Amino acid sequence: MEQERLKQLYRQLRGTSPIRVEPLPGAGSNRHYYRLYGEDGKTLIGVIGTSAEENNAFIQLSRLFTERHLPVPQVYNYTDDQMAYLQDDLGSLSLFDYIRQGRERGGNYDEQETAMLRRVISDLPRFQFEGGSPSVFSQCYPQQQMDLTSVMFDLNYFKYCFLKLRGIEFNEFKLQADFDRLAADLLQEDADTFLYRDFQARNVMLKDGVPYYIDYQGGRKGPIYYDVASFLWQASANYSDALRTDLLNTYWAALQPYLLRPDSPSCYKGLTQEKFLCRLRLFVLFRLLQVLGAYGYRGLWERKKHFIDSIPAALENLQAELSLGTCDAYPNLKSVCQKLIQSTLPCQKSGAGERNHLIVRVFSFSYKKGIPEDTSGNGGGYVFDCRSSNNPGRYAEYKKLTGLDQPVIDFLERDGEIIQFLSHIFPLVDFHVQRWLDRGFTDLQISFGCTGGQHRSVYSAQHVAEHIHQKFGVEVHLCHREQGIQTVLK
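Everything numeric in this text was worked out from a predicted model, so none of it was measured.

Q: Would you mind going over empty space enclosed by the protein in detail, with residue names and values included?
A: Inspection of the entire model under this criterion finds 1 cavity of 30 Å³ or more. Each pocket or cavity is described by its volume, and for the largest cavity that value is around 50 Å³. Around the largest cavity, the lining residues are Met-146, Ser-150, Val-151, Asp-154, Leu-195, Arg-197, Arg-220, Tyr-226 and Phe-286. Top element by residues in the lining of the largest cavity is helix 7 (residues 148–166). It accounts for 3 residues.

This is the structure we're talking about:
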């Protein structure tokens, strides 16, 4: 049905049917993408959205940005209900993919990668100032400008979709008071500039070596600092402090012609680099909180793997901001962030003369995908096969759930086989952990496998990890491998 709607749009545009329609991998959104191939060898991208308002924002902003000669995809036509549209094919190479090797080298980007990053950050002021106009703001969705309501949405996103899902305790009223102060500080300027909202490497496509920009439909009127923070403090980018400084200087140089224009917003008149950097730190903090909220919802709740994988890097960025004193004016928020970091990031290695620190690694896994690798190098520990217990996955009502979901837990515990199975494992594991503590060993791995790594193994690994942590107080790294969920119990 989706493909037929796109084929009809293609026929309206080109007069012929596409010779092939190819579904493309999804990203963080719920939109569906397809590549449509024409007889002339040219291609278009077809998009099926889930929100007519969001689609309309992208369509109209694309039109307005194209008129301003900004490097964005052109939208050619769309259905009357605005649920499907055709746009330029910008290829499959994103900036995020382009700089992958530098990322994998631990943030050691070569000259070519650095040059492209400079080129992209230099384009940002073009969007912020040339894209800032009443005609643009009137098309923004769901909000026309960054205001108190939208700031609170993002801060509550962090509170309810990350803090709550992580089980972090906090005083609701005191935290809200700090949110109010932070929001007031963020909203000091009334800037007639376009806030891209999600200006980051995954939303930059490289076609013939030229960067093009996508996913701006959530943009709105707002200050320039947010997008700089979004790009340079992207959790998974792993930019070094030296590279960030380089790119900040590049952005500042590209910004100067716009600050000197007669029509530049009054809040930026006389803006110095020192003041810019001071204001930027506040938006880095805000952006990190907003991103963690998104990672909580998309990762911890919807269980999308690449969001889960990005959480540790985001928390490391947050830890760095706390060390710089960015959060000192908001003591309750600072305390909550410290608790969050301490409960999630692995402990630092013990220094000389300190007692060895035992880490127990507990995995759930699918035998179809192999036993988890022992990364400690000692080759020890246990692998337990949970397939002797009754399998909830054989029943339709449990197929989409996991061993962390209450209906599955109730099924397994009513059946009783998994409880009998674990009753033999707890004493064995207790003995082993105690001996490792007595002997000063630093690593123990325990893995639970079942057919799909979804129900029985997840239940078993979760209960054994919590049992070890509660009884011995040791650090437990829990990984439900096939579910993409990692937790540190400290």
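Additional details are given in the paragraphs that follow.
Q: Can you break down the sheet that holds strand 2 (residues 32–37) residue by residue, with the values?
A: Here 5 strands make up an open sheet; going across it, the order is 1-2-3-5-4 and the pairing antiparallel. Looking along the sheet, the strands with just one partner apiece sit at the ends: strand 1 (20–23) and strand 4 (75–78). Neighbouring strand axes in the sheet, compared pairwise and without regard to direction, differ in orientation by 25 degrees on average. Of the pairings in the sheet, the one linking strand 3 (residues 43–48) to strand 5 (residues 84–88) comprises 5 bridges and is antiparallel in character. The residue of strand 5 that forms the bridge with Leu-44 is Asp-88.

Q: Kindly report on the sheet that holds strand 13 (residues 475–480), identifying the contributing residues and their values.
A: Overall, mixed pairing links the 5 strands, which are arranged 11-12-10-13-14 in an open sheet. In the strand order of this sheet, the two ends are held by strand 11 (382–385) and strand 14 (485–489), each with one partner. In this sheet, adjacent strand axes meet at a mean angle of 15 degrees when their direction is disregarded. Two strands pair when backbone bridges link them, and strand 11 and strand 12 (residues 443–450) are joined in this way by 4 bridges, in the parallel orientation. Along strand 12, the bridge assignment pairs Val-383 with Ser-447.

Analysis parameters
- Residues numbered from 1 in each chain as written.
- Predicted model: local features only at pLDDT ≥ 70, side-chain atom pairs only at ≥ 80, totals over all residues.
- Heavy atoms only, no water.
- 1 Å grid on protein atoms, 1.4 Å probe; cavity = no way out; pocket = protein on both sides within 12 Å on 5 of 7 lines; lining within 4 Å.
- Points joined across faces, edges and corners; volume = space filled by probe spheres on them.
- Helix = DSSP H or I, 4+ residues; strand = E, 2+ residues; numbered from the N terminus.
- Pairing = 2+ DSSP bridges.
- Axes fitted to C-alpha atoms, helices over the stretch in contact; angles between N-to-C directions.

Just geometry here; none of it tells us what the structure is for.
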